[in-house]
Structures are given as C-alpha cells and as structure tokens.
Amino acid sequence: MDMVQFGFLEFSECFEGPFNLAAGERLWDFGETEGYLWFIEEGFGFDRMLLEDGKRMLNGMIEPGIFVCDEKHLIFGVPAVSQAVMNTPATVYRISCDRWFAFLQEHAPMASVIHNINAHFIQMRKARLLKMKHMDKRAYWNYIKQRFPGVEEYCTQTEIAHYFGVSKSTMHRIMKQG
Amino acid sequence: MTVNRCPHMPENAVLSKFVQPVQLDADFQKTLSVSSTSGIFFIHSGMVGVFHEFEGQKRLSHTYDKCDIFFSNEVLLELNKQRTFWRVFSDAEVLFLNLGDPRIRQEFPMWLPDIQMFISLYSTYQYQDYINAMGLDRKAFSIQWLKDHPNTLSFIPRSDLAAMLNISMTSLKSFIKTVLYGE
C-alpha cells in the first residue's frame, strides 16, 4: 500500500500528542460534547456504554495499537454515550472527530480504506451480537477472561453482566463456576 | 458546530428520481444486483428479518419494519463471514436507492464517497445498537418489542422470536400473554 497515495502520513500529522495518562484517567466521559478519535500507543483500559435505561454496559477493552472513540459522537456529532478509562499508565494520540471527518472528505483514497475497515467492523459486531445471544455463557466468560485480562478487577459485575446480556445473579453464578 | 458529515450534497438535491419502489420477494437481492453494489432500502410496508449462521444454525438477530432504513453492505458477499441474509416475512414493499446507478455518480460525483462512508459508519453503529439492546432488562425490552410489533406473531416462528429476544420459550409465552391479555 502506498502510504503517500492513501494519505497516511498527512493523516498522522493531524493527530495531537503524545499524551501521557496515569492509571485511572479517562479518555472521554458520558455527555462530553468535544469528541476525539484516540490512538492508543501504550496502555490498557475499558470502555462502557450508557444504555437507554441508565445502566452501564462493558463494551470492550482498549489496548495498544487500536483507535477508539465514542461512535455516536463521531457519526452524529451528539454528546458521548460512552466512557473510556485507562486502567494502566498510557500513551495516546488524538484527533477531533470533526477534523477526522473533514480529512476523509478531502482524501477519497483514505476514505475508501476506512470504508473497508468498517466493513470488517460490521463482521466483528455481528459476531459479538451472536455470541451474546447464542454462545454458551460459561464458555463465553472463559473466553472473555482470557481476551480481556483484568476485566474482573476493573469492571463491576453489573457492567460485565450486561456485556453478556444476563442478570447480575446469573453472572455471579457463571463467574463462580468458571 | 459539528462538521457536516455529507458536505458535498447540494442543499436542494432531489434524490426521488433515483429511488425505485420494489416489491420484495425471495430473490430480490439477485434481481436488484444488491451483491455487486451499495444501496439503501426504506421499508414502506411489511417486515424483513436478518439471519446469520452461528454454530451451524440460522439465527434471526433483528428485523426491519415499516419506516426502517437498512443497507446492502449488511449482506455483501465479499465480507459476509456470518452468511447474513434477509428473509421477507410478509409482503414487503421497499423504496430502493441504488447507489450503483451511474446517473447518481454523474450528478453527485463528490457526494457518493461521503454517503458510502457514512453508510459504512452507520451500519456499524446499527449493530452497536442491537448489542446495547441486549444489555437492557429482557422482560421490559421483550414486552415493549412485542407491543411495537403486534403482527409479528403470525409470521415469525416462536423459536426464532425467543432467540432474537434472547429469552427462553417459557418467558416468551408469558410475555405474549402479558401483551395480548394484560396478565
């Protein structure tokens, strides 16, 4: 892939940083109106969704090498409906969601790359939805414990229960058996 | 002030001439060449179910109902590990905006990449919404869903419905009673 043709170098220049965060610091919080797309160079954390009934659901793990953001803000420009906390010291970079959108509108080849990446995201989300509904919950919990090390330490049992689409008491039982 | 997500679309653009009403049947994806292009569907009437293959079984994950919008990239063959497919549950009529139409490319050459980008983001977010819905209280969510889709019981098998709502068949039976008879 030609880095210049696709605009990767220009894209990287749009990022602010590096920012060094301490364990426990937030990348963003519920209701924030200034949204950023974050690139994680170092550090681990978790992000949570605010559900429409006011509950908080574990959404996923933040780890080195990934981009994270509040998607609702990114797409619609509305206040954030999620929260992201780094649970270890972290080094991150950021670009405002508006700047990111504007960049893609000016760089069609990069937009096509993102378009393809999003297509893969749909596959991942489909898989997540299907696992949530149909996978054996104990097997899924054992998988998540390995995939998200520290999840029990940094997320509440209720947040984890919502991730699995089960009640808190069912989650408690699954965790005990697992 | 948020950046306009589709800035290249003229303010008074008229898309209606590119929209075609389509009566959906089992072969509509082939008829519309949905597999080779990107398009937007608006449901005018009827219901479409979205199925995926998981652990060797076809699973209903969600439905599209009147006034819903859905996108062809959900079922594109090139990127469809879950073998997602649409099933028309009842006579359904949709409005189809075929983004592969060369006339759109000609009239709005700058807008097409914007809308394709937006569709890819929005489709991904739609799945986040379905995931979030599974985190809600199952009883309240299921009862509300059944109230919002009163005709569903006549054409979606109960087992598919229970799996879609992530509840047991016993719970489904009890929630249906609540919705139908207020018990």
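Everything numeric in this text was worked out from a predicted model, so none of it was measured. (Residues numbered from 1 in each chain as written. Chains lettered and ligands numbered in written order. Predicted model: local features only at pLDDT ≥ 70, side-chain atom pairs only at ≥ 80, totals over all residues. Heavy atoms only, no water.)

S.K.: Looking at this structure, how should I read empty space enclosed by the protein?
M.R.: Empty pockets left among the atoms are what a rolling probe the size of a water molecule brings to light. Using the criterion set out here, one finds three cavities of 30 Å³ or more in the structure. Here the largest cavity defines a volume of roughly 50 Å³. For the lining of the largest cavity, the class distribution of residues is three nonpolar, two polar and three charged. (1 Å grid on protein atoms, 1.4 Å probe; cavity = no way out; pocket = protein on both sides within 12 Å on 5 of 7 lines; lining within 4 Å. Points joined across faces, edges and corners; volume = space filled by probe spheres on them. Nonpolar A, V, L, I, M, F, W, Y, C, P; charged D, E, K, R; others polar.)

S.K.: I'm lost on a nonpolar patch on the surface in this one. Help?
M.R.: Together, Ile117(A), Phe121(A) and Met124(A) make up an exposed nonpolar region whose accessible area comes to about 280 Å². Within the secondary structure layout, Phe121(A) lies in helix H5 (residues 108-134). (Patch = residues over 30% accessible without salt bridge, like charges linked within 9 Å, V, L, I, M, F, W, Y side chains within 5 Å. Areas by Shrake-Rupley, 256 points an atom, 1.4 Å probe, with all protein chains shown as cover. Salt bridge = Lys/Arg side-chain N within 4 Å of Asp/Glu carboxyl O. Helix = DSSP H or I, 4+ residues; strand = E, 2+ residues; numbered from the N terminus.)

S.K.: Would you mind going over the pattern of salt bridges with me for this structure?
M.R.: Oppositely charged side chains can pair when the atoms bearing their charge come close. All chains considered together, the criterion is met by ten salt bridges over all chains. The partner of Glu16(A) in a salt bridge is Arg94(A), and the shortest N-O contact between them spans 3.4 Å. Taken together, the positions of Glu16(A) in strand E1 (residues 16-21) and Arg94(A) in strand E8 (residues 90-96) put the pair 78 residues apart, joining distant regions of the chain. Connected via shared salt-bridge partners are Glu53(B), Lys58(B) and Arg83(B).

S.K.: What's the story with the interface of chain A and chain B in this structure? I'm lost.
M.R.: Frequently, the measure chosen for interface size is the accessible area removed from exposure when the parts meet. Each side of the interface is counted separately: chain A has 44 residues, and chain B has 45 residues. Of the roughly 4,000 Å² buried where chain A meets chain B, counting both sides, 65% is carbon and sulfur surface. Of all residues in chain A, Lys126(A), Lys133(A) and His134(A) bury the most surface against chain B, accounting for 16% of the area lost on that side. Scanning the region where chain A abuts chain B turns up zero salt bridges. Joining chain A to chain B, the criterion identifies twelve residue pairs in polar contact (both at pLDDT 80 or more). At the level of elements, strand E5 (56-62), helix H3 (71-76), helix H4 (97-106) and H5 of chain A are the ones that each hand at least two residues to the side of chain A that touches chain B. At 19 residues, H5(A) tops the list of elements feeding residues into the side of chain A that touches chain B. (Contact = heavy atoms within 4.5 Å. Buried area = accessible area lost by both parts, 1.4 Å probe. Polar contact = N/O pair within 3.5 Å; in protein donor to acceptor, adjacent residues only side chain to side chain.)

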